[in-house]
Amino acid sequence: HIAVVGSINMDLVFQTPRMPLPGETLMGHRFHLVHGGKGANQAVAAARMGAAVSMIACVGDDANGHSCLQALQADAIDTARVRVVPDCATGVAGILLDDAGQNSIVLATGANASLVESDIDAARSTITQAKLLLCQLETPLSTVLHAIQSAKQVSVAAQETGQEPVKVVLNPAPAQKLDAQVLRQVDYLVVNETEASLLSDVSVTDLPSAQAAATVLQQLGASVVIVTLGAMGIWVADADQAYSLPAFQVKVVDTTAAGDTFVGSFAVAIAEGMDLRAACMFAQSAAALAVTQLGAQTSIPHRGAVERQLQS
Ligand code: ADP
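All of these numbers come straight from a predicted model, not from anything done at the bench. (Residues numbered from 1 in each chain as written. Predicted model: local features only at pLDDT ≥ 70, side-chain atom pairs only at ≥ 80, totals over all residues.)

Here we look at the environment of Gln-42
- Here Gln-42 shows up in helix α1 (residues 38-48).
- With 34 C-beta atoms counted inside 10 Å, the residue Gln-42 sits in the buried group.
- Separated by 37 residues in sequence, Gln-42 and Val-5 place their C-alpha atoms 10.0 Å apart.
- Ignoring any residue separated from it by four or fewer positions in sequence, one finds Gln-42 in contact with Val-4, Gly-6, Leu-134, Gln-136, Asp-260, Val-263 and Gly-264. (Helix = DSSP H or I, 4+ residues; strand = E, 2+ residues; numbered from the N terminus. Buried ≥ 20, exposed ≤ 12 C-beta atoms within 10 Å, placed from the backbone. Contact = placed C-beta atoms within 7 Å.)

Let's talk about the site of the ligand
- Around the ligand, the structure places 19 residues, and the nearest of them are Thr-228, Gly-230, Ala-231, Gly-259 and Ala-287.
- Counting residues per element, the ones that place at least two in the shell around the ligand are α9 (258-271) and α10 (276-290).
- Class assignment for the residues of the shell around the ligand results in 12 nonpolar, 7 polar and no charged. (Near = placed C-beta within 6 Å. Nonpolar A, V, L, I, M, F, W, Y, C, P; charged D, E, K, R; others polar.)

Description of α10
- Taking 1.5 Å of rise per residue, the 15 residues of α10 would be expected to cover 21 Å, and the 21 Å separating its terminal C-alpha atoms lies within 8% of that figure.
- Most of α10 is tucked away, with 12 of its 15 residues classed as buried.
- Residues Ala-279, Cys-280, Met-281, Phe-282, Ala-283, Gln-284, Ser-285, Ala-286, Ala-287, Ala-288, Leu-289 and Ala-290 constitute the buried set of α10.
- In this structure, the buried side of α10 is in contact with α1, β11 (224-228), β12 (234-237), β13 (242-245), α9 and α11 (303-311). (Expected span 1.5 Å × (residues − 1).)

What about the sheet that holds strand β5 (residues 78-85)?
- Across the sheet, which stays open at both edges, the 9 strands sit in the order β5-β4-β1-β8-β9-β10-β11-β12-β13 with mixed pairing between neighbours. Strands with a single pairing partner mark the edges of an open sheet, and in this sheet they are β5 and β13. Adjacent strand axes in the sheet meet at a mean angle of 15 degrees, parallel and antiparallel pairs treated alike.
- Judged from the 2 bridges that link them, strand β9 (residues 167-170) and strand β10 (residues 188-191) form a sheet pairing that is parallel. (Pairing = 2+ DSSP bridges. Axes fitted to C-alpha atoms, helices over the stretch in contact; angles between N-to-C directions.)

Topic: the nonpolar core
- Residues Ile-2, Ala-46, Leu-133, Val-169, Val-227, Phe-266 and Ala-267 are the most contacted members of the largest nonpolar core, which totals 99 residues.
- Considering each element in turn, this core owes the most residues, 10 residues, to α10.
- Among residues more than four places away in sequence, those in contact with Ala-46 are Ile-2, Val-4, Ala-51, Val-53, Gly-264, Ala-267 and Val-268. (Core = buried A, V, L, I, M, F, W, Y, C linked by C-beta atoms within 7 Å.)

Examining the UniProt feature "binding site: ATP" (unreviewed entry) in the protein chain
- The positions UniProt marks with the feature "binding site: ATP" (unreviewed entry) are Asn-192, Thr-228, Leu-229, Gly-230, Ala-231, Met-232, Gly-233, Gly-259 and Asp-260.
- Note that Asn-192 resides in the loop between β10 and α7 (193-200).
- For Asn-192, a count of 23 C-beta atoms within 10 Å gives the class buried.
- Setting aside anything within four residues of it in sequence, one finds Asn-192 in contact with Thr-228 and Gly-259.
- The residue Gly-233 is located in the loop between β11 and β12 in this model.
- Non-local contacts of Gly-233, meaning those with residues more than four positions away in its chain, are made with Ser-244, Leu-245, Pro-246, Ala-247 and Gln-284. (UniProt positions renumbered as here; feature names shortened; annotations may be inferred.)

As structure tokens, then:
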């Protein structure tokens, strides 16, 4: 199975003709309440690609939290390690989505900030028995690092017993600077333009700058780096080679959760043992389908559609 340590949010999505200016009240088009959070979205993507998924997270003891938990369970995700925090609000994201398909997001982290090291220790066997650990940075960094270390400690012991090590995929979003010590423990680092720029100090806008950023990140200790570039596709760098792969051409409706769909699907492909190039194209197929639909978890496709697009 895949263990996801990450956030759970309720997304409040406003469709609007354009972004409001400071002080302005703007009439929007429509409103949607959608289950989101990078952790939950990536968990749902992984589940819809057919993996058994366990989520390690926190929600508040409120209507949003219970609704988010039900949504995860509806996708057959194991929520036994999701802690319901009393007297605390579930994480909420206010999302503005304009007619050009751009989004702006404000996040109130709520219960996600309550995910601590002891939650990881309580879920230790879930992590150590997983094929792969998937993390983002919408929960405290110290908790994410503790989870990664727990996975890696198994890996050291596993080498002696011949057991397969737990692979670690990190999507450092929202972007945050990371030490070389952290990067060295991550098997696959998946970054978009913003994250790649902040982590590498190279301004990433296109394939050549993505290549330069990936090189810096590898020099800092990351082993495999994947830079996602929206409609421009991805830059992939591992120990032996580096190359670009084009995105699928689709009609854009809403790019929310494109990155999350990519990461969750990529994790499943790697856990299944697909080679890196195939895993990347599988993930891009899933992500491209996600941009053709509105919303976060609502837009994440199932495996059948992803494979049909790959074969067409
Ligand atoms: P994020 O949502 O984190 O900013 P990206 O925008 O880089 O991430 O998108 C992640 C992946 O989703 C891309 O590498 C690509 O495969 C796919 N994708 C995103 N936008 C489009 C698009 N307009 N057309 C096709 N694929 C897309």
